[in-house]
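Working through the structure, step by step
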Amino acid sequence: MAAIAFIGLGNMGGPMAANLVKAGHSVVGFDLVPALCDAARTNGVTIAGSARAAVTNADVIITMLPAGRHVVSVWTDVMPAATRGALMIDCSTIDVESARRAHMLAARASLHSVDAPVSGGVAGARDATLTFMVGGEVESFEDAKPFLEAMGKKIVHCGRDGTGQAAKICNNMILGVSMIAVAEAFVLAEKLGLSHQALFDAASKASGQCWSLTSYCPVPGPVPTSPANNDYRPGFASALMLKDLTLARAAADSTGTVTPLGQHAQDIYKAFDAAGNGEVDFSGIIRHIRALAESSGDR
Ligand code: NAD
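These notes cover the structure that comes with them. Remember, it's a predicted structure, so these values are computed and weren't measured experimentally.

So, on to the packing of aromatic side chains. In this structure the tally under the stated criterion is 3 aromatic pairs. Every member of this aromatic cluster is reached through a ring pair, and the members are Trp 211, Tyr 216, Phe 236 and Phe 282.

Further remarks concern helix 9 (residues 196-203). Among all positions of helix 9, only Leu 199, Phe 200 and Ala 203 are buried. Axial view of helix 9: buried residues confined to an arc of 100°, hence all on one face. Those residues of helix 9 that are buried are in contact with helix 8 (163-192) and helix 10 (211-214).

Within the element layout of this structure, Ser 238 appears in helix 11 (residues 238-255). The exposure class of Ser 238 is buried, given its relative accessible area of 0%. Sequence-wise, Ser 238 and Met 16 are 222 residues apart; in three dimensions their C-alpha atoms are separated by 22 Å. Discounting residues that sit within four places of it in the chain, Ser 238 has contacts with Tyr 269, Phe 272, Asn 277, Gly 278, Val 280, Asp 281 and Phe 282.

In this section: the site of the ligand. Near the ligand, the surroundings consist of 23 residues, among which Asn 11, Met 12, Asp 31, Leu 65 and Lys 243 are the closest. One of the backbone nitrogen or oxygen atoms of Pro 66 is found 3.2 Å away from an oxygen atom of the ligand. In the complex, 84% of the free accessible area of the ligand, which totals 830 Å², lies under the protein chains. Split into classes, the residues belonging to the shell around the ligand amount to 14 nonpolar, 6 polar and 3 charged. Built from parts of two domains, the shell around the ligand gets at least three residues from each of domain 1 (3-161) and domain 2 (166-297).

Another aspect to go through is the pairing of strand 2 (residues 26-30). Bridge count for strand 1 (residues 3-7) against strand 2 is 5 bridges, and the pairing is parallel. Residue Ile 7 lies in a different strand from strand 2, and its bridge partner there is Phe 30. Crossover connection from strand 1 via helix 1 (residues 13-22) to parallel strand 2: handedness right-handed. Examined bridge by bridge, strand 2 and strand 3 (residues 46-47) share 2 bridges and lie parallel to one another. Along strand 3, the bridge assignment pairs Val 28 with Thr 46. The handedness of the strand 2 to strand 3 crossover, carried by helix 2 (residues 34-42), is right-handed.

Reading the values: the criteria
Residues numbered from 1 in each chain as written. Predicted model: local features only at pLDDT ≥ 70, side-chain atom pairs only at ≥ 80, totals over all residues. Heavy atoms only, no water. Phe/Tyr/Trp six-rings, centres within 6.5 Å; stacked < 30°, edge-to-face > 60°. Buried < 20%, exposed > 50% of the residue type's maximum accessible area, 1.4 Å probe, protein only. Helix = DSSP H or I, 4+ residues; strand = E, 2+ residues; numbered from the N terminus. Arc of directions from axis to C-beta. Contact = heavy atoms within 4.5 Å. Near = heavy atom within 4 Å. Polar contact = N/O pair within 3.5 Å; in protein donor to acceptor, adjacent residues only side chain to side chain. Areas by Shrake-Rupley, 256 points an atom, 1.4 Å probe, with all protein chains shown as cover. Nonpolar A, V, L, I, M, F, W, Y, C, P; charged D, E, K, R; others polar. Domains from an automatic or database assignment. Pairing = 2+ DSSP bridges. Right-handed = clockwise from strand over helix to strand, strands pointing away.

Below you can see the structure in the form of structure tokens.
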């Protein structure tokens, strides 16, 4: 069993660290928020006084932080205290450029590293059913795999440094665009006198079939587990979808890629977020689409 340092014990990191303890590892954690440290302590995580103190003697150092700047700053801070040859795993969702920078800093400090962002949300973190998209050398991926398996059930090696983040950003661009498309179809169906269930029954067995429709349907009824049945409580908050679409847009800009629907999806989620809906599940975008239809009907 390994000595693991876990930095960032928030909505995702807290339950992920708890699953590493359950798997028999010795976990030393740190977060800037004392209440989160207390919660982690009740799950068997030993709390250190700082991120740097947490990594002393760790074989594996895991970060689960808000954005690229936090990851680069924490990695820069802890590296001098890390054991030579230790493995750094960043599970946060961040921009590809920062991820590559973090890998470079690790290599300079003789540390191994992978970027390993996740899909599956807070429920996946709690139930250890996350999907990990991993970028880095094959050897580092193989070293990281047993630890990721304690927190998830699907571990995909995507290629060299930064490709885990690339996969995550591309996947969530598909998700954001497809959710808006499904929401638009349901609003159009409402106007055409087609019931939600009838559209679901037809499209889920036809070429409109996709995850946003069949697993996460944005209207209540057809998929009882979808957040639409729970007043659009997340789930996956719209603010996080906006974050990921913003990362996708920046990646498109920096690579000269034209992604008209990805950009439009970002604009739509930005307006939804600005109207105070950041904490609403991202499938709640159907309310925004419906409101647009109603305001155009008023004209
Ligand atoms: P969160 O805000 O709940 O947790 C982040 C934690 O990092 C906070 O508790 C914060 O105090 C801590 N932190 C920030 N700077 C720190 C520092 N210097 N030292 C120690 N701790 C520090 O966010 P979350 O929902 O747990 O998400 C974490 C990451 O996972 C994000 O990158 C997010 O985009 C990604 N993600 C989240 C979800 C989700 O459903 N919540 C799903 C997939 C991916």
